[in-house]
Amino acid sequence: MLKRIRKLIYIIFAIGLIAASVNLFLGPHSIAAGGITGLAIIFEKLFSFDRSITVLVANTIILTSALIFLGKEAFLNSILGAAILPVYIQFIPKIKLVEDPMLSMLAGSVIMAIAASILYANNASSGGTSLPPLIFKKYFKLNTSIGLLISDGAIVVLSLIVFNTDAFFYAIFSITITAAVMGYIESGVRRRKMVYIISDKNEAITSDILTKLERGVTLVPVMGAYKREEKEMIMVTMDSKNYRDLLGIVKSHDDNAFMITETVSQVHGQGFTYNSGSV
């Protein structure tokens, strides 16, 4: 129950961020950066439709299509966000919070990326153009990234017709920045170091890693191709902040140690995604 409540809070918060991004940063500068919210900005200019009404009607059509073509699960995963988003857009003030369009585009894009990352992490969405690519994939075997490019690209091209060249390029930059920030959030926020060490002082180095850094160590049997000598290689994964300490430990025992270091973005298991006793 607590997990469900926490998930609900995250979804509601993320939808609020999307609406804030549109009403406070992107919308005031006519930046229609794809999605149903971008379409709402265009329709507001063309027909003076309220953004919340456009989002509600469009999401209703898309959700109905998702129920028909994708099934109940996709429909249920999107209905909450799709229902809440028009409410947020209606009640969050439509004001130009930042006068400079470039700064406003940057702020709105980053906020949009944070919101989308939260939704994806909780297996939810705000409806909109996140669902048509799934339909394209199921029935036309089209990659979801291509499907999203088609659906969002059509809206961005429409913004060129309705607004001006500046708004068009701002929309393109916004989509690019949002995608880049989402990629960083999903894979780069908690980067770790994976280190391989070959040394004649393995026992001392391993002992210090276990006791001083409190990190687990794996010893891997290896053989040099030239001398055909069998050795043990130390393999250890840790947070980046501990990497300097590891270098100090290795240097204190063996100046000639051979080390290979990789930066990794996904580490799962004991000591990282959960803890159980000592690491």
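About the thresholds
Residues numbered from 1 in each chain as written. Predicted model: local features only at pLDDT ≥ 70, side-chain atom pairs only at ≥ 80, totals over all residues. Heavy atoms only, no water. Helix = DSSP H or I, 4+ residues; strand = E, 2+ residues; numbered from the N terminus. Rg over C-alpha atoms; globule rule 2.2 N^0.38 Å. Buried < 20%, exposed > 50% of the residue type's maximum accessible area, 1.4 Å probe, protein only. Contact = heavy atoms within 4.5 Å. Areas by Shrake-Rupley, 256 points an atom, 1.4 Å probe, with all protein chains shown as cover. Lys, Arg positive; Asp, Glu negative; His and termini not counted. Charge placed at Lys NZ, Arg CZ, Asp CG, Glu CD. Core = buried A, V, L, I, M, F, W, Y, C linked by side-chain atoms within 4.5 Å. Expected span 1.5 Å × (residues − 1). Arc of directions from axis to C-beta. Patch = residues over 30% accessible without salt bridge, like charges linked within 9 Å, V, L, I, M, F, W, Y side chains within 5 Å. Salt bridge = Lys/Arg side-chain N within 4 Å of Asp/Glu carboxyl O.

Caption draft 1: Just the overall build of the protein chain, in detail. The helix and strand inventory of the protein chain stands at 10 helices and four strands. The helix and strand sequence of the protein chain, counted from the amino end, reads α-α-α-α-α-α-α-α-β-α-β-β-α-β. Relative to the globule expectation of 19 Å for 279 residues, the C-alpha radius of gyration of the protein chain, 25 Å, shows a markedly less compact shape. If you line up the protein chain on its principal axes, its C-alpha atoms span 75 × 40 × 40 Å. Counting only residues that meet the buried cut, the protein chain has 41% of its 279 residues in that class. A sequence separation of at least 24 residues applies to 74% of the contacts in the protein chain between residues at least 6 apart. Approximately 15800 Å² of the protein chain is accessible, and the part contributed by carbon and sulfur atoms is 62%. Side-chain charges of the protein chain comprise 25 positive and 20 negative groups, with the mean position of each set lying 8 Å from the other.

Caption draft 2: Expanded view of the nonpolar core. Ile15, Ile18, Leu85 and Leu119 are the most contacted members of the largest nonpolar core, which has 44 residues in total. For this core, the elements supplying multiple residues, two or more each, are helix H1 (2-26), helix H2 (35-47), helix H3 (51-69), helix H4 (72-91), helix H5 (101-121), helix H7 (144-162) and helix H8 (165-187). No other element matches the 11 residues that H1 contributes to this core. For isoleucine 18, the contacting residues outside a window of four places in its chain are Thr37, Leu85, Met112, Ala115, Leu119 and Ser126. Val195, Ile234, Met238 and Ile249 belong to the second largest nonpolar core, which has 13 residues in total.

Caption draft 3: Main features of the side chain of threonine 206. Position of threonine 206 relative to the elements: it lies in helix H9 (residues 202-213). When its relative accessible area of 12% is taken as the criterion, threonine 206 is described as buried. Contacts of threonine 206, omitting those with residues within four sequence positions, involve Val217, Leu219 and Ile234.

Caption draft 4: Structural context of the environment of arginine 6. Relative to the assigned elements, arginine 6 resides in helix H1. For arginine 6, a relative accessible area of 43% corresponds to the partly exposed category.

Caption draft 5: Just H2, in detail. The terminal C-alpha atoms of H2, which comprises 13 residues, lie 18 Å apart, in line with the 18 Å expected from a rise of 1.5 Å per residue. For H2, the full list of buried residues reads Gly35, Ile36, Thr37, Gly38, Leu39, Ala40, Ile41 and Ile42. Where H2 ends, the next residue or the one after it, serine 48, has phi of about 60°, a positive value.

Caption draft 6: Here's a closer look at the side chain of serine 52. Mapped onto the fold, serine 52 is located in helix H3. In this structure, serine 52 is in contact with Pro86, Ile89 and Gln90, ignoring residues within four places of it in sequence.

Caption draft 7: Spatial organisation of H3. Here H3 contains 19 residues, and its C-alpha end-to-end distance of 27 Å stays within 8% of the 27 Å for a straight helix at 1.5 Å per residue. Inspection of H3 places Arg51, Ser52, Thr54, Val55, Ala58, Asn59, Ile62, Leu63 and Ala66 among the buried residues, and these make up the whole buried set. Within H3, the buried residues cover an arc of 145° as seen down the axis, which keeps them to one side. Residues of H3 that are exposed and angled more than 90 degrees away from the buried face: Ile61 and Ile68. For H3, the elements touching its buried residues are H1, H2, H4 and helix H6 (132-140). One or two positions beyond H3, positive phi appears at glycine 71, with a value near 105°.

Caption draft 8: Structural view of a nonpolar patch on the surface. There is a patch of nonpolar side chains on the surface, built from Met102, Leu103, Leu106, Phe169, Ile172 and Phe173 and spanning about 510 Å² of accessible area. Looking at the nonpolar patch, the elements with two or more residues in it are H5 and H8. Classification of isoleucine 172 by relative accessible area gives partly exposed; the value is 32%.

Caption draft 9: Representation of the pattern of salt bridges within the structure. One pass over the structure, following the stated rule, counts five salt bridges. For arginine 192, the salt bridge is made with aspartate 239, and the minimal N-O distance between the two is 3.1 Å. Pair noted here: arginine 192 is in strand S1 (residues 192-198) and aspartate 239 is in strand S3 (residues 230-239), with a separation of 47 residues, a long-range link. Among the salt bridges present, the one from lysine 231 reaches aspartate 200, with a minimum N-O distance of 3.8 Å. Linking lysine 231 in strand S3 with aspartate 200 in the loop between S1 and H9, this pair joins segments that are 31 residues apart in sequence. Given the relative accessible area of 36%, lysine 231 is considered partly exposed. Taking relative accessible area as the criterion, aspartate 200 reaches 65% and is therefore assigned exposed.

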